[in-house]
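Listed below, chain by chain, are the residues.
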Amino acid sequence: MTHVGLEHYLVVSAALFCLGLLGVVIRRNLIVMYMSLELMLNAATLALVAFSHHQPPSPHGSPLDGQIMVFFIITVAAAEVAVGLALIVALYRKRQTTDVADLASMKL
Amino acid sequence: MEILFYIFSALTLLCGLLVVFNPFSRNPVTSAMFLVLTIICMSGLFVLLKAFFLAAVQILVYAGAVIVLFLFVIMLMNIKEEERQRFRKFGTFLGAAAVAGLAWILVTTVMNSRTGERSVANNTGETKELGELLFTNYVLPFEIVSLLLLVAMVGCILLSKTSETEEEAE
């Protein structure tokens, strides 16, 4: 078994990102699309943590910069989920559906 | 340690796939549960990358808060199943083809970048170092993010409040 390096993690991250993107493109349920969005965010997070772990020491910045960025991504994702789900609930109250095919008109 | 990486990444990808396509159930609750599993396996990967604080935060925030929010909304709306599955062959095919192209580009880029030779560092993300960095170099982003959370909270309250004119109309 070969040594697990940075590229292994990056391939996993790329695959997870593509899974999330596929979910957003193919699934028609707003909530499942939102979950796929979370998968994509998590894939980016994994790539950043892997970069941070493998960063060689340098005079510019700390090796933990990537992890700090992930910390902020998680915070912003939590805020985003709260607002997005509130929007979905408001939309559901108006239209009684979460299928994007039924939400094709701009008029409420 | 290597075998753990393969186990965790295989589980992450499998559960991620089951979030998106579950052949046994079209219920959004099942997707949410597999999202929890994906996130837990991913925090296992974080531990392998020695990002201990982030692994804990990942479980607390995602598996704890975000998924509860998802489940709460799903049950509030009382969605049973996706009633009808209008399968649009053309759109699905085009979407899958586009995503496959993107996957190919990403993987070939990673493979050609030859990062392996330089990846010698072995950094650890303990809570202490992260906290020190957060309150010295990153104070301003930290404060801005706290403001963002406040704005999100106000936005949620405003969005989920039914306005009085609307209640009169009903």
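Procedures and definitions
Residues numbered from 1 in each chain as written. Chains lettered and ligands numbered in written order. Predicted model: local features only at pLDDT ≥ 70, side-chain atom pairs only at ≥ 80, totals over all residues. Helix = DSSP H or I, 4+ residues; strand = E, 2+ residues; numbered from the N terminus. Contact = placed C-beta atoms within 7 Å. Expected span 1.5 Å × (residues − 1). Buried ≥ 20, exposed ≤ 12 C-beta atoms within 10 Å, placed from the backbone. Nonpolar A, V, L, I, M, F, W, Y, C, P; charged D, E, K, R; others polar. Axes fitted to C-alpha atoms, helices over the stretch in contact; angles between N-to-C directions. Parallel < 35°, antiparallel > 145°, perpendicular 65-115°, else oblique. Left-handed = near helix turned anticlockwise from the far one by under 90°.

So, on to unusual backbone geometry. The phi dihedral of Gln96 of chain A is positive, around 60°, even though this residue is not glycine. With a phi close to 60°, Lys50 of chain B is a non-glycine residue in the positive phi region. With respect to the helices, strands and loops of the structure, Lys50 of chain B is situated in the loop between α2 (28-48) and α3 (52-77).

The next point concerns the environment of Thr127 of chain B. Within the secondary structure layout, Thr127 of chain B lies in helix α5 (residues 127-136). In this structure, the C-alpha to C-alpha distance between Thr127 of chain B and Phe53 of chain B, residues 74 residues apart in sequence, is 5.4 Å.

Residues and elements named next belong to chain A. Here Val24 lies in helix α1 (residues 6-26). Distance from Val24 to Met40, taken between C-alpha atoms, is 9.5 Å for residues 16 residues apart in sequence. The contact partners of Val24, leaving out residues within four places of it in the chain, are Met33, Ser36 and Leu37.

Given a rise of 1.5 Å per residue, 25 residues ought to cover 36 Å, and the 37 Å separating the end C-alpha atoms of helix α2 (residues 30-54) of chain A matches this to within 8%. Most of α2 of chain A is tucked away, with 20 of its 25 residues classed as buried.

Moving on to the interface of chain A and chain B. Of the residues lining the interface, 62 residues belong to chain A; the matching set on chain B comes to 68 residues. Mapped onto the side of chain A that touches chain B, the elements with two or more residues apiece are α1, α2 and α3 (65-95) of chain A. Among the elements that make up the side of chain A that touches chain B, the one with the highest residue count is α3 of chain A (20 residues). Here the side of chain A that touches chain B is composed, by residue class, of 45 nonpolar, 14 polar and three charged.

Residue and element names in this part refer to chain B. Contact pair helix α1 (residues 2-20) / α2: the axes reach a minimum separation of 8 Å and the direction vectors enclose 160°. One element, α1, and the other, α2, form an angle in the roughly antiparallel class. Pair α1 / α2 crosses with left-handed handedness. Seen from α1, the contacting residues are Leu4, Phe5, Phe8, Ser9, Leu11, Thr12, Cys15, Gly16, Leu18 and Val19; seen from α2, they are Ser31, Phe34, Leu35, Leu37, Thr38, Cys41, Met42, Gly44, Leu45 and Leu48.

These results come straight from atomic positions and should not be treated as a statement about function.
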